[in-house]
Structure formats: C-alpha cells, structure tokens
Amino acid sequence: MDSLEAIFTRRSIRKYKPDPIPEEDIETMLRAAMSAPSANNYQPWRFIIIDERTLLDAIPEFHPYSEMLKEAPLAILVCGDKTAVGHPGYVYLDCSAATQNLLISAHALGLGAVWLGMYPRKSRMDGIRKLLQLSNNLEPISLISIGYPNQEKLPANRFDKNKVCRNKWEV
Ligand SMILES: Cc1cc2nc3c(=O)[nH]c(=O)nc-3n(C[C@H](O)[C@H](O)[C@H](O)COP(=O)(O)O)c2cc1C
C-alpha cells in the first residue's frame, strides 16, 4: 500500500479480532509516530503501550466513547512532555501529528485503529493519569485503540472544494 492509498482508505475501526499484535508491528507504528514533524524538532511525544487486559477494561469507566477497548488487544497512549518544549502549545500539535502517523501506519500494516480523544477533556485526562501513574510533566493527548479489524469500512471521500480558496478567503 503506498502512502496516498493508506491516507485515502484509513477509517476508524472499532471492532477487533482478539489476536495479539506482533512486537515488530508495534515498533513500526512507534517509528512512524516518531517520524512526525515537530516544532523546533523537540520531539516532546512519549508513548505508553497498554496491553494489560485489566487496564484496557478500566478505561471506559472514565472515557465514555472507548467501549471498543474491551475487545482491543492493544492501545497506545500518546503523551506530551511539557518540559521538553519551548512553547507549551507545540506539545499538542506535535503529538497530534505523531498520532496521525501512528493511525496511518496501523492501517498500512493491515491493522484497525481509532483515535480516542483525551486532551482537552479533563475527566478523561485525570482518569488515564491516575490509571497509568503519569508524572506531572506528561500531558495525555490521545489514546489509540488497535487490533486486527473485525469490520470493513469503505473509504470516505470528504473532498469539498467549497472549503478551499485561492490567494484570499472568499465565501
Ligand atoms: C481529536 C479526536 C478525538 C476522537 N475521539 C474519539 C473517541 O473518543 N471515540 C471514538 O470512537 N472516536 C473518536 N474519534 C474518531 C472520530 O470519530 C473519527 O475520526 C471521525 O468520525 C471520522 O471517521 P473516520 O476516522 O473513520 O474517517 C476522534 C477523532 C479525533 C480526531
């Protein structure tokens, strides 16, 4: 699968087979995430691999849209280290870019994944902070649920030329 095909056919996958994810695929996804662009190249992203069933099952107790984790063999939490950047706002942008790279690489590997929002929802951030014992410098930004897909989704063609102008904004 080339990069454009991976981008155009990626969808959020929320149903999984129980098979575990090979370690080399986990490393490939993390390599892809860490290949993202980063302001001043500070690379403030940090990752927590979550594959303990009790932890995965506990997350829906504080995250209302994460029930699929009860089926998922794996999740990866993307955190930003607030002490690793010059301007704190860049933590969120860099980690979002890393998250998108991780999602596309999962799809290219034949896996299914979905971005579960953490930042800026305080109750979810507090919940995951407590569950995974995050240190204060770490901001939980996104959680990615991953597994072998147990559903098929067609590509979504969302191109809308009404959202694009040339040289100045015209409505
Ligand atoms: C910041 C962000 C937060 C999201 N949070 C959730 C979530 O908590 N639960 C969920 O099932 N999907 C979540 N999604 C996935 C979106 O629902 C999904 O990307 C959107 O409906 C478009 O569908 P697609 O990814 O299949 O193209 C989130 C996506 C983003 C970018």
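As shown above, the structure is provided for reference.
Figured I'd write up the structure that's included with this text. (Residues numbered from 1 in each chain as written. Predicted model: local features only at pLDDT ≥ 70, side-chain atom pairs only at ≥ 80, totals over all residues.)

## Here we look at the overall build of the protein
To be explicit about the condition: Runs of H or I in DSSP of at least four residues are treated as helices and runs of E of at least two as strands, each being numbered from the N terminus. It is over C-alpha atoms that the radius of gyration is taken, and the globule rule equals 2.2 Å times the number of residues to the power 0.38. Three classes are used. A residue is buried when 20 or more other C-beta atoms lie within 10 Å of its own, exposed when 12 or fewer do, and partly exposed in between, with C-beta atoms placed from the backbone. In this description, a residue-residue contact is defined by the distance between C-beta atoms placed from the backbone, which must lie within 7 Å.
Each helix and strand in the protein was counted, giving 5 helices and 5 strands. Listed N to C, the secondary structure of the protein is α-β-α-β-α-β-α-β-α-β in terms of helices and strands. Relative to its length of 171 residues, the protein is compact, with a C-alpha radius of gyration of 17 Å against a globular reference of 16 Å. Structurally, the protein occupies a C-alpha span of about 50 × 40 × 30 Å along its principal axes. Counting every position in the protein, which comprises 171 residues, the buried fraction comes to 34%. Put simply, of all contacts in the protein between residues at least 6 apart along the chain, 77% involve residues at least 24 apart.

## Points about the environment of Ser3
One can find Ser3 in helix 1 (residues 3–9). Put simply, Ser3 and Ile104 are 101 residues apart on the chain and 8.4 Å apart in space, counted from C-alpha to C-alpha.

## Brief notes about the nonpolar core
Defined as follows: By definition, a nonpolar core groups buried Ala, Val, Leu, Ile, Met, Phe, Trp, Tyr and Cys residues that connect through C-beta atoms lying within 7 Å of each other.
Judged by nonpolar contacts, the single largest core of 40 residues is most densely connected at Ala75, Ile144 and Ile146. For this core, the elements supplying multiple residues, two or more each, are helix 2 (23–33), strand 2 (45–50), strand 3 (74–81), helix 4 (90–108), strand 4 (112–117), helix 5 (122–131) and strand 5 (138–149). Per-element tally for this core: the top contributor is helix 4, with 7 residues. Dropping the residues within four chain positions of it, Ile146 is found in contact with Ile21, Ala72, Leu74, Ala75, Ile76, Ala106, Leu111 and Ala113.

## Some thoughts on helix 5
Heads up, the condition is: As used here, the arc belongs to the directions running from the helix axis to the C-beta atoms.
Buried residues of helix 5: Arg124, Met125 and Ile128, and no others. Axial view of helix 5: buried residues confined to an arc of 100°, hence all on one face. What points out from helix 5, more than 90 degrees from its buried face, is the exposed set Lys122, Ser123, Asp126 and Lys130. Packing partners of the buried residues in helix 5 comprise strand 3 and strand 5.

## Considering helix 4
Heads up, the rule is: To estimate how far a helix should extend, the number of its residues minus one is multiplied by 1.5 Å.
For helix 4, spanning 19 residues, the distance from its first C-alpha to its last is 27 Å, which sits close to the expected 27 Å at 1.5 Å a residue. Within helix 4, the full set of buried residues consists of Val91, Asp94, Cys95, Ala98, Thr99, Leu102, Leu103, Ile104, Ser105, Ala106 and His107. Along its buried surface, helix 4 packs onto helix 1, helix 2, strand 2, strand 3, strand 4 and strand 5. Phi turns positive, to about 85°, at Gly110, one or two residues after helix 4.

## Side note on unusual backbone geometry
In this structure, the amide linkage connecting Tyr119 to the following residue, Pro120, adopts the cis form with an omega of 5°. Summarising the element assignment, Pro120 is placed in the loop between strand 4 and helix 5. Even without being glycine, Gln133 reaches a positive phi, approximately 55°. Inspection of the secondary structure puts Gln133 in the loop between helix 5 and strand 5. The backbone of Asn167 shows a phi angle near 75°, a positive value even though the residue is not glycine.

## Here we look at the environment of Trp169
The residue Trp169 is located in the segment after strand 5 in this model. Remark: the alpha-carbon pair of Trp169 and Phe8, spanning 161 residues in sequence, is separated by 26 Å.

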